[in-house]
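Here is what each chain is made of, one letter per residue.
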Amino acid sequence: QAEIASRSIIRALCRPFYVQGNSMYIGATIGFASAPNDTCDAETLFRYADLALYSAKDEKRGICRSFEANMDAAAQAKIRLEIDFRKALHCGQLHIHYQPLVSLQTGEIECYEALLRWFDPVRGYVTPDTFVPLAEEMGLIDAVGRMVLQSACKEAKNWPKHVKLSVNVSPLQFRNGNLISTVVNALNAAELPPERLELEITEAVLMEKGQRPATIIDNLRGLGIGLSLDDFGTGYSSLSYLLNYPFTKIKIDKSFIRNIEHEAKSRAVIRAVIGLGRSLGLTVTAEGIESQSVADYLRN
């Protein structure tokens, strides 16, 4: 009965409303829990209904969802993960690993990419796909990015002068507006020349509304910092981005590299990207080379 009522409410609210000659459209997403099936405690009942609502919003707006026990378990697990991540950040339990970027022409290491890793005593290694969105949601991504930049720049200071450092940047760091000061402070503290730092950004940064991303990108490039477009070829408007922004490098996504030996389409995309990079004077990096045959193909 609750589901029938919910669907009726959603249908009613989806109809246009006429206000002073204007048509206005709204909608509804509904979550519900019931007593005594779910719980007899009023406060818990409201919390369960909220969880059902969040689940409905995550799936598709304009629908209704009833509470399920696994929703509460997932919410409790997320709360514990947030607590443990906050502890890991403040207690120095996050570590940076460095992945080499090797020139296929010379075989020499030209750059190291700083990769943040979290080893939890109970969970083991927690993947970045899990804890990076969590840090963004918790409002901790600026603190995490600042820690990575400061630590990585200090480490890079001890490398040979021709070896660069590459650091990933979250779209939220652009949105929050203090990325430039964070980068400059990290470089100054480590006495690392800006030319040895490269920031990797995704297409999500460039899809932000307004002029802020473009201004930040131009200012970073004006400082001499390199800019790499990550996951190239997987987005919607990458070619126009190369024309409108001063990138110095494009990275071929590992999904193309993974299929290079048995998919002609992947090889065609890779050849096109390499040719494009060469024409525009950009360095091209291929992610996920794990065999000699793939390295030989890309070198050729």
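Being a predicted model, the structure only gives us computed values, none of them experimental.

Criteria and thresholds
- Residues numbered from 1 in each chain as written.
- Predicted model: local features only at pLDDT ≥ 70, side-chain atom pairs only at ≥ 80, totals over all residues.
- Heavy atoms only, no water.
- Phe/Tyr/Trp six-rings, centres within 6.5 Å; stacked < 30°, edge-to-face > 60°.
- Helix = DSSP H or I, 4+ residues; strand = E, 2+ residues; numbered from the N terminus.
- Buried < 20%, exposed > 50% of the residue type's maximum accessible area, 1.4 Å probe, protein only.
- Expected span 1.5 Å × (residues − 1).
- Contact = heavy atoms within 4.5 Å.

Things to note about the packing of aromatic side chains
This structure, assessed with the given rule, holds nine aromatic pairs. Summarising the aromatic geometry, the rings of Phe85 and Phe131 are spaced 5.9 Å apart at their centres and angled 25° between planes, so their arrangement reads as stacked. In this pair, Phe85 is assigned in helix H3 (residues 69–90) and Phe131 in helix H4 (residues 128–138), connecting sequence segments 46 residues apart. Here Phe85 and Phe131 have matching classes, each one buried. For the ring pair Phe119 and Tyr125, a centre distance of 5.0 Å and an interplane angle of 65° mean the geometry is edge-to-face. Take Phe119: its relative accessible area is 44%, and that puts it in the partly exposed class. A connected cluster of aromatic rings, assembled from ring pairs, spans Phe85, Trp118 and Phe131.

Looking at H3
Compared with the 32 Å implied by 1.5 Å per residue over 22 residues, the 33 Å span of H3 between its first and last C-alpha is a close match. Those residues of H3 that sit buried are Met71, Asp72, Ala75, Leu81, Phe85, Ala88 and Leu89. Against the buried residues of H3 lie helix H2 (42–59), strand S4 (64–66), strand S5 (94–102), strand S6 (109–120), H4 and helix H5 (141–156). Gly92 occupies a position one or two residues after H3 and carries a positive phi of about 70°.

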